[in-house]
Amino acid sequence: IREVKEEYAVVSLPTMLTGFVRRTSNGPPLTQVLPPVNTIMAFSILQTTTEEVTTKSSPSSKAATPVKKRRIELSPLPNHVNSGIRLDEFLSSTTSSSSKSKFASTANYENGTPMIIRGRIVSVEDHGCIVDLGGVLLSATGEKAKAFLKFDNIEGDYEVVDDEEGDDDDNMDEDVEDDDGRDTKPMDVDKSSSKTAGSKRLLNKHRVYDFAILPPQTSGEGSLSILQLSLPSTSTLATLRTTSEMVPSLSSLVPGMLMDVQVEQHAKNGMCVSFMKGVYRGALDEDHLGGWRSCDEKKKKGLGGGDSKEDPSMWWKKVFRGKHAKFSARIIAVDAATKIVRLSLNAHILSLRGEYSSFPLPVGTIVQNAQVIRVDPGIGALLALPPSETSPDDDAATAQLDKINHIIQLDRDLSNNLMSISEYKAASKVLTAYVHISKSIDPENNKSNKKGKPQAKHRTPEALFARHFSINSRVKSLRILSTSNLIDGIASCATAKSIVNAHVLTHEDIVPGKIYRNVPVIQLLDGGGVLVDLGLGTKGIIPAMHLFDKASHGNPDAGGDAVLSGYRQKIRQAKYKEGNLVDVRCLTVDPVSRQCILTAKKTLLTTDIENPIVEYTPLCLEIGRVAAGFLSKVDEWGVTVTFYNNVHGRVPARRLAAELGVEDP
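What this report covers is the structure whose coordinates are included nearby. What you see is a predicted model, and the numbers here were worked out from it, not measured in a lab.

Regarding the side chain of T495
Now for step 1: As for its position among the elements, T495 is in the loop between β22 (491–494) and α11 (497–500).
Now for step 2: Residue T495 is classed as buried on the basis of its relative accessible area of 10%.
Now for step 3: Separated by 2.7 Å, the side chain of T495 and the backbone oxygen of S440 make a polar contact.

Thoughts on the nonpolar core
Now for step 1: Counting 65 residues, the largest nonpolar core has L87, F320 and L343 as the members making the most contacts within it.
Now for step 2: Residue contacts for F320: discarding those within four places in its chain leaves V263, H266, M271, L289, A325, F327, L345, L418 and Y424.
Now for step 3: By size, the runner-up hydrophobic cluster in this structure holds 20 residues, among which are F359, A370, L383 and I441.

Topic: the sheet that holds strand β6 (residues 115–124)
Now for step 1: If you trace the five strands once around the closed barrel, you get β6-β7-β8-β12-β11, paired in mixed fashion. Taking each pair of neighbouring strands and ignoring which way they run, the sheet shows an average axis angle of 55 degrees.
Now for step 2: Here β6 pairs with strand β7 (residues 128–132) via four bridges, running antiparallel. Within the sheet, the bridge partner assigned to I121 lies in β7 and is V131.

Thoughts on the sheet that holds strand β30 (residues 648–652)
Now for step 1: Judged by pairing direction, the sheet is antiparallel, and its three strands sit side by side in the order β28-β29-β30 without closing on themselves. Pairing within the sheet leaves two strands with one partner each, and these edge strands are β28 (630–635) and β30. When strand polarity is set aside, the average angle formed by the axes of neighbouring strands in this sheet is 25 degrees.
Now for step 2: Pairing between β28 and strand β29 (residues 638–642): five bridges, direction antiparallel. If you follow V634 over to β29, its bridge partner there is V639.
Now for step 3: With respect to the sheet, helix α14 (residues 653–660) is in contact with β29 and β30, its orientation differing from that of β30 by roughly 60 degrees.

Here we look at the packing of aromatic side chains
Now for step 1: Scanning all chains against the criterion turns up nine aromatic pairs.
Now for step 2: Consider the rings of F151 and Y158, whose centres lie 5.5 Å apart with planes at 10 degrees: the pair is stacked.
Now for step 3: With relative accessibility at 0%, the residue Y158 sits in the buried group.
Now for step 4: Taking 5.2 Å as the distance between ring centres and 55 degrees as the angle between the ring planes, the aromatic pair formed by F320 and F327 counts as tilted. The same class applies to F320 and to F327, which are both buried.

A closer look at the pattern of salt bridges
Now for step 1: All told, the structure shown has 13 salt bridges when counted by the stated rule.
Now for step 2: Residue E264 is joined to R281 by a salt bridge in which the shortest nitrogen-to-oxygen separation is 3.0 Å. Of this pair, E264 sits in strand β13 (residues 258–267) while R281 sits in strand β15 (residues 280–285), and the two are 17 residues apart along the sequence.
Now for step 3: Through salt bridges that share partners, E286, D287, R374 and D376 make up one connected network.

Quick notes on the pairing of β29
Now for step 1: With five of five residues buried, β29 lies mostly within the body of the structure.
Now for step 2: Hairpin connection, β28 to β29: the antiparallel pair is bridged by two residues.
Now for step 3: If you look at the hairpin formed by β29 and β30, you'll find five residues sitting between the two strands, and N645 has a positive phi there, around 60 degrees.

Rules used in this analysis
- Residues numbered from 1 in each chain as written.
- Predicted model: local features only at pLDDT ≥ 70, side-chain atom pairs only at ≥ 80, totals over all residues.
- Heavy atoms only, no water.
- Helix = DSSP H or I, 4+ residues; strand = E, 2+ residues; numbered from the N terminus.
- Buried < 20%, exposed > 50% of the residue type's maximum accessible area, 1.4 Å probe, protein only.
- Polar contact = N/O pair within 3.5 Å; in protein donor to acceptor, adjacent residues only side chain to side chain.
- Core = buried A, V, L, I, M, F, W, Y, C linked by side-chain atoms within 4.5 Å.
- Contact = heavy atoms within 4.5 Å.
- Pairing = 2+ DSSP bridges.
- Axes fitted to C-alpha atoms, helices over the stretch in contact; angles between N-to-C directions.
- Phe/Tyr/Trp six-rings, centres within 6.5 Å; stacked < 30°, edge-to-face > 60°.
- Salt bridge = Lys/Arg side-chain N within 4 Å of Asp/Glu carboxyl O.

Have a look at this one:
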């Protein structure tokens, strides 16, 4: 889960795709339904659509341009995720066992593995929660399961959230008086496990979690149709394997299940595996083997080096063989209709910790000397980034060390022991970025682009792309464009010079008070202003009053060039001709509305360069400091001086009269 709002949620999917969850009509806000950001869980695809979104190509254009965009709509609800699950074989195997599983206070499952299932809290009662499993069938007779979660069966800390308005103050008082209340009742678990499990789980109506089914008790109390559930921590959930009794059919497979797999064949783009004692078959593609081939100093040497007869790009052939041909992997995608099952060995997916997938390089970073390790003809290329030469700060280094230690421990707990192989351990440290063919090379002889005019959609010819991006070739420089592909752990990048050298990527990168030099002019606006391109179509406006240092003597009510005097009209036409390069400085920027106001006043471009006034703090507004601004308002009470980022100062009329002799501003 990448982002959660009341009306929608953004979810990262495999193969660098993105899905969306919509709030249902008359349904609760998604902030009350979904777990926190970075949670890894299964979603069901409801539909894929192509929608037309209208956008304006520039602030001066009145007509909206329709753009077709594809959407993947998802659902986290149990009636969709659990649609193919059957519990008859699992329950029959557990009830026939002489020794029953039970959720112990030590957070261990004895004598068997519980089944993980998606559930939605229907109501919170005195001793636990009633949970809806989405109509899961207990048997072939059509009997639907009901479930209950006892507070005693929740691993780690939790908090009961009261949905009723106006009860917050009363509940807060009760919390203070009653230290043993059920709002934060933890199980008796290991302290370190509780810390790594994250923040408290919120229990409220409509909240969705992955629960574990506890086998029925032998005392005969209750009915088999009322299942007892537990809510395991992330650390416990990551180690629970799926048995053959839990998946009597292919439709019972759900993403997130941990499987013991056996390698059947190595392929050029990954491996084919079998699981469930050879009943089912799946695949691990190259991006989900837990590592990538590194940047090699020798052009034809891959990970593990050595044998020139083997394809050096298929480094996994030397790792997943012998005793290491059997390991545990997690399912990330299932399509029962086409019998396609995809699995993953990526560390953040095995550990179910989305925060482990965060890319260490921020958006906008320029990386030198990357190496092509895979080419997808007509689509793009995968690049291996060289090891970083800069050392992280103490906090980042500590977090990275904790992450590595946890991954190594999980590798041992699952009996994979892949991190004991030097080649695999080196591969797990490699960072990669993907460049799409449309952002790989600038169009040749594109004079209009050099002059700053908006270029049409460009697609690099496949022959030209293949010539520049061949296996093992080096890329002089690339720029990170996105780090939101959290499932694959691959960044998106661009290698085209126009993008690598761009001042900014989006309006969010623009900094008030910063100077941007050699910015191309796109258009002279009717109101007297100038439109410029700061990079990648990120536009800014220089208003007419900010083209020159001194005020104009034209007619401000006439509009266009009439705002300026005759002499300045000629200067504007020559200096700000389309395609010319000018220096500008950001006055204000609003990333939401994508509006940026710039200035080309010479005084503002040459003063306060290191420490512009951008906020109301003592660091910027030191008493006695002399700084340059511009007059933004004049009235009978005085004048208003504006700096950057909407920071304003006021000179009263009394002080103007006393110091400058100006009686009427």
